[in-house]
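Okay, here's what each chain looks like letter by letter:
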Amino acid sequence: MNINDLTIFRTVVQTGSFSKAATALNYTQSNISMKIQSLEALYETTFFYRGHRGIRLTPKGEQFYELVLKMLHLYEKPLRSYMKRRNNEAFYELVRWKQLLHCIYQLC
């Protein structure tokens, strides 16, 4: 199991469908199904009820989903913080360049 597997699981739950999750993540539906089956085999349980009308989380699936959300939040939080800091730095760099160009323009 890795972060990618957890992301797949979260996306399946959020979209309510293996095929919609596949589309959202640019995977094939069979790849998504195999990843979910691998997770279920690893934990020796079933996370989804599968039926004609789609999928639903089992009680174990609901518990796992809560853990997945926490794990992904902890994983993604530093990345979001870094990107925010980086975007702020890029914005201020752009402002500095704009000010410099404005000064140069006024000198000409």
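Above this text you will find the structure in question.
All of these numbers come straight from a predicted model, not from anything done at the bench.

1. Observations regarding the nonpolar core
In terms of nonpolar packing, the biggest core is built from 19 residues, with Phe 9, Val 12, Phe 18, Ile 32, Ile 36, Phe 48 and Phe 64 touching the most fellow members. Ranked by the residues each element gives to this core, the list is headed by helix α1 (residues 3–15), at 5 residues. Look past the residues within four positions of Phe 9 in its chain and what remains in contact with it is Ile 36, Leu 39, Phe 47, Phe 48, Leu 57, Gly 61, Phe 64, Tyr 65 and Val 68.

2. Thoughts on the environment of Arg 53
Considering the arrangement of structural elements, one finds Arg 53 in the loop between β1 (48–51) and β2 (54–57). Residue Arg 53 is classed as exposed on the basis of its relative accessible area of 89%. Sequence separation between Arg 53 and Ser 17 is 36 residues, and the spatial gap between their C-alpha atoms is 9.8 Å.

3. Overview of the pattern of salt bridges
Scanning the entire structure with this criterion turns up 2 salt bridges. The partner of Lys 35 in a salt bridge is Asp 5, with the nearest N and O atoms 3.5 Å apart. Note that Lys 35 is positioned in helix α3 (residues 29–43) and Asp 5 in helix α1, a separation of 30 residues in sequence. For Lys 35, a relative accessible area of 27% gives the class partly exposed. For Glu 40, the salt bridge is made with Arg 50, and the minimal N-O distance between the two is 3.0 Å. In this pair, Glu 40 sits in helix α3 while Arg 50 sits in strand β1, placing the two residues 10 residues apart along the sequence.

About the cut-offs
- Residues numbered from 1 in each chain as written.
- Predicted model: local features only at pLDDT ≥ 70, side-chain atom pairs only at ≥ 80, totals over all residues.
- Heavy atoms only, no water.
- Core = buried A, V, L, I, M, F, W, Y, C linked by side-chain atoms within 4.5 Å.
- Buried < 20%, exposed > 50% of the residue type's maximum accessible area, 1.4 Å probe, protein only.
- Helix = DSSP H or I, 4+ residues; strand = E, 2+ residues; numbered from the N terminus.
- Contact = heavy atoms within 4.5 Å.
- Salt bridge = Lys/Arg side-chain N within 4 Å of Asp/Glu carboxyl O.

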